[in-house]
Amino acid sequence: MGRDYFQHKRVLVTGGAGFLGSHLCDRLIAAGHEVLCVDNLYTGTRRNISHLLGHPAFEFMRHDITFPLYVEVDEIYNLACPASPVHYQHDPIQTTKTSVHGAINMLGLAKRLRVPILQASTSEVYGDPTVHPQDEDYWGHVNPIGPRSCYDEGKRCAETLFFDYRRQLGLAIKVARIFNTYGPRMHPNDGRVVSNFIVHALQGQPITLYGDGSQTRSFCYVDDTIDGLIRLMETPDEVTGPVNIGNPKEMSVRELAEQILAKTRSRSQLELHELPADDPQQRQPDIARARELLGWEPRVPLDEGLDKTIAYFRELLAEEGIVPAARIVSPDEAA
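Residues numbered from 1 in each chain as written. Predicted model: local features only at pLDDT ≥ 70, side-chain atom pairs only at ≥ 80, totals over all residues. Heavy atoms only, no water.

Trainee: Mind showing me how you'd approach the packing of helix α1 (residues 19-30) against helix α7 (residues 222-234) here?
Mentor: Between two packed helices, both the angle of their axes relative to each other and the distance between the axes serve to describe the pair. Interaxial distance between α1 and α7 falls to 10 Å at its minimum, and their mutual angle equals 65°. As summarised for this structure, α1 and α7 are arranged roughly perpendicular, according to the angle between their axes. As for the relative orientation of α1 and α7, their crossing is right-handed in sense. In contact with F19, L20, H23, L24 and R27 of α1, α7 contributes V222, D223, T225, I226, D227 and I230. (Axes fitted to C-alpha atoms, helices over the stretch in contact; angles between N-to-C directions. Helix = DSSP H or I, 4+ residues; strand = E, 2+ residues; numbered from the N terminus. Parallel < 35°, antiparallel > 145°, perpendicular 65-115°, else oblique. Left-handed = near helix turned anticlockwise from the far one by under 90°. Contact = heavy atoms within 4.5 Å.)

Trainee: Even after reading the chapter, I still don't get the environment of A17, so can you show me in this structure?
Mentor: With respect to the helices, strands and loops of the structure, A17 is situated in the loop between β1 (10-14) and α1. Spatially, the C-alpha atoms of A17 and R254 are 31 Å apart, while their sequence positions differ by 237 residues.

Trainee: Quick question: what am I supposed to make of the environment of C37 here?
Mentor: Here C37 is to be found in strand β2 (residues 34-39). In this structure, the C-alpha to C-alpha distance between C37 and V11, residues 26 residues apart in sequence, is 8.4 Å. Leaving out residues up to four positions away in the same chain, C37 has contacts with V13, G16, A17, C25, I49, F58, E59, F60 and M61.

Trainee: How should I be thinking about α7 in this particular structure?
Mentor: Each α-helix turn comprises 3.6 residues. Residues three or four places apart therefore point the same way. The end-to-end C-alpha distance of α7, which contains 13 residues, comes to 19 Å, matching closely the 18 Å that a straight helix rising 1.5 Å per residue would cover. Of all 13 residues in α7, 10 are buried; the element is thus mostly enclosed. Residues of α7 that are buried include every one of V222, D224, T225, I226, D227, G228, L229, I230, L232 and M233, and no others. (Expected span 1.5 Å × (residues − 1). Buried < 20%, exposed > 50% of the residue type's maximum accessible area, 1.4 Å probe, protein only.)

Trainee: How should I be thinking about the nonpolar core in this particular structure?
Mentor: Nonpolar side chains tend toward joint burial in soluble globular proteins. Grouped together as the largest cluster of nonpolar side chains are 62 residues, with contacts concentrated most on F58 and Y77. Examining the composition of this core, we find that 7 residues originate from one element, helix α10 (residues 302-320), more than from any other. A80, M106, I117 and F162 belong to the second largest nonpolar core, which has 26 residues in total. (Core = buried A, V, L, I, M, F, W, Y, C linked by side-chain atoms within 4.5 Å.)

Trainee: What should I look at first to understand the packing of aromatic side chains in this one?
Mentor: Applying the stated criterion across every chain, the model contains 4 aromatic pairs. On the numbers, 6.1 Å between centres and 40° between planes, the contact of Y126 with F179 is tilted. Taken together, the positions of Y126 in the loop between β5 (117-122) and α5 (149-169) and F179 in the loop between β6 (173-178) and β7 (181-182) put the pair 53 residues apart, joining distant regions of the chain. Taking the relative accessible area as the measure of exposure, F179 reaches 2% and is therefore buried. (Phe/Tyr/Trp six-rings, centres within 6.5 Å; stacked < 30°, edge-to-face > 60°.)

Trainee: Would you mind going over the sheet that holds strand β3 (residues 58-62) with me for this structure?
Mentor: Whenever strands of a sheet pair, they do so through backbone hydrogen bonds, lying parallel or antiparallel. Judged by pairing direction, the sheet is parallel, and its 7 strands sit side by side in the order β3-β2-β1-β4-β5-β6-β11 without closing on themselves. Taken across any chain shown, the strands that pair with only one partner, and hence form the sheet edges, are β3 and β11 (243-245). Averaged over all neighbouring strand pairs, the angle between strand axes comes to 20°, with direction disregarded. In this sheet, β3 lies alongside β2 in parallel orientation, the contact comprising 5 bridges. By the bridge assignment, V38 is partnered in β3 with M61. (Pairing = 2+ DSSP bridges.)

Trainee: Explain the side chain of D64 to me, please; I cannot follow it from the model alone.
Mentor: Structurally, D64 can be placed in the loop between β3 and β4 (75-78). At 7.3 Å, K97 is the nearest oppositely charged side chain to D64, a buried residue that forms no salt bridge. There is a polar contact of 3.4 Å between the side chain of D64 and the side chain of Q94. When neighbours within four sequence positions are excluded, D64 is seen to be in contact with N40 and Q94. (Lys, Arg positive; Asp, Glu negative; His and termini not counted. Salt bridge = Lys/Arg side-chain N within 4 Å of Asp/Glu carboxyl O. Polar contact = N/O pair within 3.5 Å; in protein donor to acceptor, adjacent residues only side chain to side chain.)

Trainee: Could you clarify how one ought to interpret α5 in this entry?
Mentor: Its 21 residues place the ends of α5 29 Å apart at the C-alpha level, agreeing with the 30 Å of an ideal helix rising 1.5 Å per residue. Taken residue by residue, α5 has S149, C150, Y151, D152, G154, K155, A158, E159, L161, F162, F163 and Y165 as its buried positions. Trailing α5 by a residue or two, G170 shows a phi angle of about 70°, which is positive.

In short, the description is geometric, and any link to function would need to be established separately.
Structure representation (structure tokens):
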């Protein structure tokens with residue numbers, strides 16, 4: 001049987017002060033659950049959860065999941081890991097340890113408590129795909145020794161561990177393969193295209209395109225991604241995944257840049273740079289499994305999601321003094 005999402009639970013969210021994790025904490029608390037948010041604040045920030053710190057149903061614990069954690073909870077969402085190339089390549093050994101040792105520790109906790117656990121995996125397990133779009137039966141095309149391998153192979157190994165715990169111990173697992181997600185609370189310097197393009201456009205700085213910008217991505221607004229994760233956790237125990245969670249609407253990186261420039265009315269110029277090593281040329285999820293098993297598909301149009309994200313970064317840049325407010329392009333400023 002599936003779990004009753006409306007039953008009061010104590011839920012552990014690792015990486016809960018991060019971009020996705022903080023939105024997940026919001027949704028769980030809004031649904032009436034208690035949340036234990038665990039984060040070492042390597043890429044997560046207190047700002048993302050500041051509005052929750054006084055809430056009686058919210059608890060924050062600063063902890064690195066590469067070390068064991070002894071708590072009592074009813075469900076576990078394992079979201080802890082740097083997710084942008086800038087951050088995960090800064091300390092690749094720690095990135096791999098977070099994916100692998102962290103998974104072992106969280107699976108051990110789930111085993112002891114006999115509670116379901118969801119792994120936030122990634123579309124990067126598909127590498128630079130030779131199959132398009134990517135469905136969950138595709139094994140991927142990944143370089144095991146490249147600069148992105150700490151993240152790609154770390155997440156692949158974590159999936160292996162999850163399914164071995166399922167096969168060997170009967171643990172209730174869920175594996176979500178998350179494709180490009182964007183929205184408020186993204187880190188302004190995380191190197192991902194949506195945040196990079198918006199921040200540079202608002203500051204009037206050049207926008208970097210790698211190659212000629214023809215490589216494709218599929219962008220899913222954060223609210224939709226969180227809805228997919230929760231729906232996956234709600235499914236009966238026999239539904240393990242992996243399940244792709246992403247937007248099947250594909251577009252080029254250049255198209256995204258041009259749309260952001262138009263929305264911000266920025267004078268920023270596009271600059272072409274050499275492609276990074278192992279950068280995927282195509283990324284588009286096949287979400288037939290999510291539609292069938294979860295009744296899920298993205299609902300927030302890119303146009304609407306970008307408006308909300310641009311508004312967030314405009315406010316953030318002014319508040320944090322990253323750039324003087326007078327230099328931030330306003331919505332009414334002419335191109």
